Amino acid sequence: MYDLIIRQAQVFDGLGHPGKIADVAVLNGVVAEIGAVTGSAKQEVDAKGLSLMPGIVDLHTHFDAQVTWDPTMSPSPALGVTTVVMGNCGFGITPCPAEHRETMMKNLSVVEGMDLNALLSGINWNFETFKEYMDQLRATKPYLNTALFVGHSVVRTAVMGPAGSEKVTPSPQELEAMCQLVREAMQAGAIGFASSFSPNHSGYGGIPMPSTIATEEELLALSGVMKEFDKGVFMMATGARATPEVIEKVAANSGRPAFISTVLSMYNPATPDLAITYYEKAEQARARGNEVYILTSCQPLSFDFTLEEPYPMYSHSAFDRVKNRPAAEILSAYKDPAFRQQFRENLKNLKPGILFLGDWKYLEVGEVSLPEHAALEGMTYEALGKKWGMEPLDAFFELAIKENLKNHVIGKFFNHIDAGVAPLLKHSSSVVTLSDAGAHLIYMCDAAFGLHFLGHWVRKTGEFTLEEGIRRITSHAADRFKIPNRGRLIKGAPADMLLFDPKEVGMTKLETLHDLPGGGARKVRSGTGIHGVWVNGCMVHDGKDYVKLAEGPGQVIDSFLQ
């Protein structure tokens, strides 16, 4: 007898083949049979009229802290995800000597837009080393299959403490200590090494995140540790300093695949020809024998934020004055003509990698607190400036002052024009991911990237067939990161599955929940057209709610392909 039979679904294998009507039988967490299954099962699901595919593989998440208090890893299971990779951009919480926990948490709260009180009260610190964290993760029994990068900023902090954000060049002893931590993490099952040179990545109080001040030589030394193991992948939030040429150098030096994550590789109408050059340079690197790819977002890069916590603006130096300051000081700054003039100068002299480029038609008035401003919701700041007879920049701050910083702003910064994004998604250098799930919780929720891909890029635009769209968010992603056996629905594979209605699949609008430790708020989305999600043969979400389980079925992935 099987554990589960899903009957009469249109089954997609995740490898790009057309779907076929079949039954799928599961035994001991593994796909046992696909076809006309004649046996019986402990549970059967009638899936006639629905489609069954492998669970979505999300290569870019930041659940490192959340999973220690929330083994469901919400909201990803509700959005069809069954496998995640954490520790991206080199940010995380392990390895972390006890004396550096506060530094690590404070920096993480800013760089990844996390609620500091939630981190302080929620993280379960039964670890210091990378191996101890992996052991704790196994004991946590997460709902999702989970892999973990060892991170540059993390090991810098672990070795150098707060000086990791101040001292550009480590001593030879410090560099060797960092290399040893990377080595120990690889031995303990890290998927690879991650880093960031991004100018958007600042820590607590506006200090740079440790890796962003590191030298190229340090980056090569740390990523080069992977060569000792002949396994692992490298990913980096690059910015302007870590050019595709630098990333190719990392790939050549380590002998491992390297992945670029940067807003510079997202479509931006202000510089419409820039993004595609990253994909072309990655293709050229591969032609030279060095595996370089681009981690590609299939969604508009948008943030829902307030001017009390204006994260997307922090890469403009004018906003250094308001980082982590009380509301009264922030309001005073926004009223100051000198502050506004400095911001104008920032917009005239843009640095590469900046999120907001000064196009006010892509910033909209979000939720407001005062009834007299309700009619402004959805209006662009360009239109608001015209309505109020002032520059959009002034309207931006004047509304915040009137609202006592309580109004929300919706910023659409990159990837918001389909005609510009489609060629990037289709390029051979593209790997579809970048949900940032677990991060930027007070601003956004892109964890539904896979459902958006199926609903928008497959059904709405027709840019991809359903079988190819499924492949791009399942086996293609898993294979690029050398994750074995995931992202395919074939006999003998783990039974990670998503049952959905292709006519309805998609995501809802953002909503706010107050369910973080300490009562903190976060933005979440729900899926549409979802009828069930299984991880290793166990249902974790029934399409409406999480299944309450004594322990999660997710596996900690610590072995990877070469």
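Presented here is an overview of the structure given in this document. Just so you know, the residues in each chain are numbered from 1, in the order the chain's sequence is written. At least 70 in pLDDT is required for a residue's local features to be given in this predicted model, at least 80 for side-chain atom pairs to be given and counted, and no such filter applies to totals for whole chains, interfaces and linings, which use all residues. To obtain the side-chain values, all non-hydrogen atoms of the structure were included, while hydrogens and water were left out.

1. Considering empty space enclosed by the protein
A probe matching the size of a water molecule, rolled over the atoms, marks out where space remains unfilled. Computed over the protein atoms alone on a 1 Å grid, cavities are sets of points where a 1.4 Å probe fits but cannot get out and pockets are open sets with protein on both sides within 12 Å along at least five of seven lines; a residue lines them when it has an atom within 4 Å of a point. Grid points are joined across faces, edges and corners, and a volume is the space filled by probe spheres set on the points. Summed over all chains, the structure comprises five cavities of 30 Å³ or more. As a volume, the largest cavity reaches approximately 390 Å³. Broken down by class, the residue content of the lining of the largest cavity amounts to eleven nonpolar, twelve polar and three charged. Basically, the charged four are Asp, Glu, Lys and Arg, the nonpolar ten are Ala, Val, Leu, Ile, Met, Phe, Trp, Tyr, Cys and Pro, and anything else, Gly included, counts as polar.

2. Things to note about the pattern of salt bridges
The salt bridge definition used is simple: a Lys or Arg side-chain nitrogen within 4 Å of an Asp or Glu carboxyl oxygen. Across all of its chains, the model carries 32 salt bridges by this definition. Between Asp 558 and Arg 138 there is a salt bridge; the shortest N-O distance is 2.8 Å. Here the residue Asp 558 occupies a position in the segment after β23 (538-541), and Arg 138 occupies one in helix α3 (residues 130-140), the gap between them amounting to 420 residues. A 1.4 Å probe rolled over the protein chains alone gives each residue an accessible area, and that area as a share of the maximum for its type sets the label: buried under 20%, exposed over 50%, partly exposed in between. For Asp 558, a relative accessible area of 31% translates into the label partly exposed. Numbering goes from the N terminus for both helices and strands, where a helix is a DSSP run of H or I of at least four residues and a strand is a run of E of at least two.

3. Remarks on the nonpolar core
Residues belong to a common nonpolar core when they are buried Ala, Val, Leu, Ile, Met, Phe, Trp, Tyr or Cys residues joined through side-chain atoms within 4.5 Å. Counting residues in hydrophobic clusters, the biggest one holds 161 residues, and the most contacted among them are Phe 319, Phe 343, Phe 396 and Phe 481. Contact criterion: two residues are considered in contact whenever any of their non-hydrogen atoms come within 4.5 Å of each other. With sequence-adjacent residues up to four places away left out, Phe 481 is seen in contact with Leu 59, Val 85, Phe 149, Ile 191, Val 233, Phe 259, Leu 295 and Phe 560. Ile 6, Leu 52, Leu 489 and Ala 495 belong to the second largest nonpolar core, which has 17 residues in total.

4. Overview of the layout of surface pockets
Its boundaries defined by the atoms lining it, the largest pocket holds a volume of some 810 Å³. At the level of elements, β13 (301-306), β14 (363-365), β15 (408-414), α15 (449-460) and β18 (506-507) are the ones that each hand at least two residues to the lining of the largest pocket. Counting residues per element, the lining of the largest pocket draws most heavily on α15, at seven residues. Considered class by class, the residues forming the lining of the largest pocket number ten nonpolar, twelve polar and twelve charged. Taken as a whole, the second largest pocket encloses approximately 540 Å³ of empty space. Contributing to the lining of the second largest pocket are 24 residues, with Met 114, Asp 115, Glu 309, Ile 442 and Tyr 443 lying nearest its centre.

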